[in-house]
Amino acid sequence: MNQHEKLKLAGLVIITLVFLKFIVIPWHAWKEETVSDLMHTKQSYRDPSKVIELHEQIKSKLIGIKAKEDKVRALLFDETDTDSLSLAVRSYVESLAKAHGISIKRSVSRGSTDDGLLNKASFQIVFTENREKVESFLSQLEKQEKLLRVEQFNLSRNAMYLQVSVTVSGWSRRKPSE
(Lines give C-alpha, C1' and ligand atoms only; values in the text may rest on other atoms or scores of the structure.)
Protein backbone atom coordinates (compact mmCIF):
# COMPACT_ATOMS: atom_id res chain seq x y z
CA MET A 1 0.00 0.00 0.00
CA ASN A 2 1.29 3.32 -0.85
CA GLN A 3 1.30 6.44 1.24
CA HIS A 4 -1.72 7.91 -0.48
CA GLU A 5 -3.92 4.87 0.16
CA LYS A 6 -2.82 4.78 3.81
CA LEU A 7 -3.86 8.38 4.28
CA LYS A 8 -7.17 7.71 2.62
CA LEU A 9 -7.76 4.73 4.89
CA ALA A 10 -6.78 6.73 8.00
CA GLY A 11 -9.15 9.54 6.97
CA LEU A 12 -11.93 7.06 6.44
CA VAL A 13 -11.31 5.53 9.90
CA ILE A 14 -11.30 9.01 11.51
CA ILE A 15 -14.53 9.99 9.73
CA THR A 16 -16.13 6.69 10.81
CA LEU A 17 -15.07 7.21 14.43
CA VAL A 18 -16.33 10.81 14.42
CA PHE A 19 -19.61 9.65 12.87
CA LEU A 20 -19.96 6.97 15.54
CA LYS A 21 -18.99 9.31 18.41
CA PHE A 22 -21.19 12.28 17.50
CA ILE A 23 -24.09 10.73 15.55
CA VAL A 24 -24.64 7.02 16.16
CA ILE A 25 -23.88 6.83 19.89
CA PRO A 26 -26.02 9.91 20.85
CA TRP A 27 -28.84 8.64 18.66
CA HIS A 28 -28.64 5.20 20.25
CA ALA A 29 -28.59 6.75 23.78
CA TRP A 30 -31.60 8.92 22.89
CA LYS A 31 -33.44 5.87 21.53
CA GLU A 32 -32.75 3.87 24.70
CA GLU A 33 -33.86 6.76 26.91
CA THR A 34 -37.05 7.22 24.90
CA VAL A 35 -37.88 3.53 25.05
CA SER A 36 -37.23 3.55 28.79
CA ASP A 37 -39.51 6.59 29.27
CA LEU A 38 -42.25 4.92 27.23
CA MET A 39 -41.99 1.73 29.27
CA HIS A 40 -42.13 3.73 32.49
CA THR A 41 -45.16 5.65 31.22
CA LYS A 42 -46.85 2.44 30.16
CA GLN A 43 -46.30 0.93 33.59
CA SER A 44 -47.59 4.05 35.33
CA TYR A 45 -50.93 3.79 33.54
CA ARG A 46 -53.45 1.40 34.96
CA ASP A 47 -54.41 -1.62 32.99
CA PRO A 48 -57.63 -1.25 30.97
CA SER A 49 -59.79 -3.17 33.43
CA LYS A 50 -58.83 -0.75 36.22
CA VAL A 51 -59.61 2.22 33.99
CA ILE A 52 -63.02 0.76 33.14
CA GLU A 53 -63.68 0.04 36.82
CA LEU A 54 -62.69 3.59 37.76
CA HIS A 55 -64.93 4.96 35.00
CA GLU A 56 -67.87 2.93 36.34
CA GLN A 57 -67.25 4.20 39.88
CA ILE A 58 -67.17 7.79 38.66
CA LYS A 59 -70.36 7.22 36.65
CA SER A 60 -72.22 5.81 39.66
CA LYS A 61 -71.03 8.69 41.86
CA LEU A 62 -72.19 11.16 39.22
CA ILE A 63 -75.63 9.52 39.19
CA GLY A 64 -75.73 9.88 42.99
CA ILE A 65 -74.73 13.53 42.78
CA LYS A 66 -77.40 14.21 40.15
CA ALA A 67 -80.03 12.51 42.32
CA LYS A 68 -79.03 14.72 45.27
CA GLU A 69 -79.11 17.78 43.01
CA ASP A 70 -82.66 16.86 41.94
CA LYS A 71 -83.69 16.54 45.59
CA VAL A 72 -82.26 19.98 46.35
CA ARG A 73 -83.91 21.51 43.30
CA ALA A 74 -87.26 20.07 44.42
CA LEU A 75 -86.85 21.97 47.71
CA LEU A 76 -86.40 25.28 45.91
CA PHE A 77 -89.15 27.41 44.45
CA ASP A 78 -89.29 27.62 40.65
CA GLU A 79 -89.27 31.43 40.39
CA THR A 80 -85.97 32.81 39.08
CA ASP A 81 -86.31 36.47 40.08
CA THR A 82 -86.63 37.85 43.60
CA ASP A 83 -89.99 39.59 43.09
CA SER A 84 -91.69 36.45 41.81
CA LEU A 85 -90.05 34.43 44.57
CA SER A 86 -91.29 36.81 47.24
CA LEU A 87 -94.82 36.54 45.93
CA ALA A 88 -94.61 32.73 45.64
CA VAL A 89 -93.29 32.25 49.19
CA ARG A 90 -95.87 34.62 50.59
CA SER A 91 -98.80 32.94 48.84
CA TYR A 92 -97.45 29.48 49.72
CA VAL A 93 -97.29 30.28 53.46
CA GLU A 94 -100.60 32.16 53.41
CA SER A 95 -102.37 29.22 51.75
CA LEU A 96 -100.83 26.87 54.35
CA ALA A 97 -102.08 29.17 57.13
CA LYS A 98 -105.53 29.29 55.55
CA ALA A 99 -105.59 25.46 55.37
CA HIS A 100 -105.00 25.39 59.14
CA GLY A 101 -107.79 27.87 59.80
CA ILE A 102 -105.45 30.75 60.60
CA SER A 103 -106.38 34.23 59.43
CA ILE A 104 -103.38 36.46 58.96
CA LYS A 105 -103.69 39.96 60.41
CA ARG A 106 -100.63 41.38 58.72
CA SER A 107 -98.12 40.25 56.12
CA VAL A 108 -95.02 42.37 55.52
CA SER A 109 -92.15 41.78 53.10
CA ARG A 110 -88.72 41.68 54.76
CA GLY A 111 -86.83 41.90 51.51
CA SER A 112 -85.35 39.75 48.82
CA THR A 113 -81.72 39.07 48.06
CA ASP A 114 -79.73 37.54 45.24
CA ASP A 115 -76.53 36.00 46.60
CA GLY A 116 -75.19 34.88 43.24
CA LEU A 117 -76.41 31.29 43.34
CA LEU A 118 -79.77 31.50 45.07
CA ASN A 119 -82.51 34.04 45.53
CA LYS A 120 -83.92 34.49 49.01
CA ALA A 121 -87.23 36.12 49.90
CA SER A 122 -88.35 36.83 53.47
CA PHE A 123 -91.58 38.15 54.88
CA GLN A 124 -93.29 38.41 58.23
CA ILE A 125 -96.79 37.27 59.07
CA VAL A 126 -98.71 38.16 62.23
CA PHE A 127 -101.76 36.27 63.45
CA THR A 128 -103.66 35.48 66.64
CA GLU A 129 -104.92 31.94 67.22
CA ASN A 130 -105.24 29.25 69.85
CA ARG A 131 -102.26 27.12 70.80
CA GLU A 132 -103.32 23.97 68.88
CA LYS A 133 -103.69 25.80 65.57
CA VAL A 134 -100.36 27.57 66.04
CA GLU A 135 -98.55 24.30 66.82
CA SER A 136 -100.23 22.52 63.91
CA PHE A 137 -99.35 25.34 61.50
CA LEU A 138 -95.71 25.56 62.61
CA SER A 139 -95.16 21.81 62.50
CA GLN A 140 -96.70 21.66 59.03
CA LEU A 141 -94.53 24.58 57.94
CA GLU A 142 -91.45 22.54 58.83
CA LYS A 143 -92.70 19.48 56.93
CA GLN A 144 -93.41 21.17 53.60
CA GLU A 145 -91.85 19.97 50.36
CA LYS A 146 -90.37 23.42 49.75
CA LEU A 147 -87.42 24.74 51.72
CA LEU A 148 -88.83 27.29 54.16
CA ARG A 149 -86.96 28.57 57.16
CA VAL A 150 -88.42 30.34 60.16
CA GLU A 151 -85.96 33.19 60.57
CA GLN A 152 -87.64 34.84 63.54
CA PHE A 153 -90.43 33.74 65.84
CA ASN A 154 -92.13 35.94 68.44
CA LEU A 155 -94.92 34.72 70.65
CA SER A 156 -97.03 36.60 73.16
CA ARG A 157 -99.97 35.32 75.14
CA ASN A 158 -103.22 37.26 75.05
CA ALA A 159 -105.95 35.69 77.25
CA MET A 160 -106.87 32.44 75.42
CA TYR A 161 -105.02 33.22 72.24
CA LEU A 162 -101.40 33.47 71.17
CA GLN A 163 -100.21 36.37 69.10
CA VAL A 164 -97.57 35.04 66.75
CA SER A 165 -95.12 36.90 64.55
CA VAL A 166 -93.16 34.67 62.19
CA THR A 167 -90.54 35.69 59.64
CA VAL A 168 -90.26 33.03 56.95
CA SER A 169 -87.71 32.76 54.14
CA GLY A 170 -87.77 30.70 50.96
CA TRP A 171 -85.19 30.14 48.24
CA SER A 172 -85.07 29.64 44.50
CA ARG A 173 -82.36 29.19 41.90
CA ARG A 174 -80.97 32.36 40.45
CA LYS A 175 -81.87 33.23 36.90
CA PRO A 176 -79.06 32.09 34.60
CA SER A 177 -76.95 34.86 33.10
CA GLU A 178 -77.62 35.66 29.48
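Keep in mind the model is a prediction, meaning the values are calculated, not measured.

S.K.: Requested: an account of the overall build of the protein chain, with residues and values cited.
M.R.: Regarding its fold elements, the protein chain presents 4 helices and 4 strands. Along the protein chain, helices (α) and strands (β) appear in the sequence α-α-α-β-β-α-β-β when read from the amino end. On C-alpha atoms alone, the protein chain measures out to a radius of gyration of 39 Å, which is more than a quarter above the 16 Å that the 2.2 N^0.38 rule sets for 178 residues. Along the three orthogonal principal directions, the C-alpha set of the protein chain runs to about 135 × 35 × 25 Å. Considering the protein chain as a whole, with its 178 residues, one finds that 22% of them fall into the buried category. Across the protein chain, contacts joining residues at least 24 apart in sequence account for 63% of those joining residues at least 6 apart. Summing over all exposed atoms, the protein chain offers an accessible surface of approximately 13400 Å²; the carbon and sulfur share of this is 59%. Distance from the positive charge centre (28 side chains) to the negative charge centre (23 side chains) of the protein chain: 2 Å.

S.K.: Give a detailed account of the pattern of salt bridges, specifying residues and quantitative values.
M.R.: Taken as a whole and judged by the stated rule, the model has 6 salt bridges. Salt-bridge contacts for E94 lead to R90; the nearest nitrogen and oxygen are separated by 3.7 Å. Here E94 and its partner R90 are both found in helix α3 (residues 82-99), 4 residues apart, which amounts to about one turn of the helix. Of the charged contacts in the structure, one is a salt bridge between E129 and K133, with a shortest N-O distance of 3.7 Å. One network of salt bridges, in which partners are shared, links K120, R149 and E151.

S.K.: Can you tell me about the pairing of strand β2 (residues 118-129), naming the residues and giving the values?
M.R.: Extensive coverage of β2 is indicated by the burial of 10 of its 12 residues. Looking at chain direction, strand β1 (residues 104-114) and β2 are connected through 9 bridges and run antiparallel. Considered in β2, the bridge of T113 is made with K120. The pairing of β2 with strand β4 (residues 161-173) spans 12 bridges and is classified as antiparallel.

S.K.: Give me the lowdown on the environment of T128, citing residues and values where you can.
M.R.: Here T128 shows up in strand β2. Here T128 falls in the buried class, since its relative accessible area comes to 18%. Note: C-alpha distance between T128 and E53 (75 residues apart in sequence) is 61 Å. Not counting chain neighbours up to four residues away, the residues in contact with T128 comprise K105, Y161, L162 and Q163.

S.K.: Go over the packing of α3 against helix α4 (residues 131-142) with me, naming the residues and quoting the values.
M.R.: Direction vectors running N to C along α3 and α4 enclose 140 degrees, while the axes themselves pass 10 Å from each other. Compared by their axis directions, α3 and α4 come out oblique. Crossing geometry of α3 relative to α4 is assigned as right-handed. Here V93, L96 and A97 of α3 lie close against α4, whose contacting residues are F137, Q140 and L141.

Quick notes on the rules
Residues numbered from 1 in each chain as written. Predicted model: local features only at pLDDT ≥ 70, side-chain atom pairs only at ≥ 80, totals over all residues. Heavy atoms only, no water. Helix = DSSP H or I, 4+ residues; strand = E, 2+ residues; numbered from the N terminus. Rg over C-alpha atoms; globule rule 2.2 N^0.38 Å. Buried < 20%, exposed > 50% of the residue type's maximum accessible area, 1.4 Å probe, protein only. Contact = heavy atoms within 4.5 Å. Areas by Shrake-Rupley, 256 points an atom, 1.4 Å probe, with all protein chains shown as cover. Lys, Arg positive; Asp, Glu negative; His and termini not counted. Charge placed at Lys NZ, Arg CZ, Asp CG, Glu CD. Salt bridge = Lys/Arg side-chain N within 4 Å of Asp/Glu carboxyl O. Pairing = 2+ DSSP bridges. Axes fitted to C-alpha atoms, helices over the stretch in contact; angles between N-to-C directions. Parallel < 35°, antiparallel > 145°, perpendicular 65-115°, else oblique. Left-handed = near helix turned anticlockwise from the far one by under 90°.

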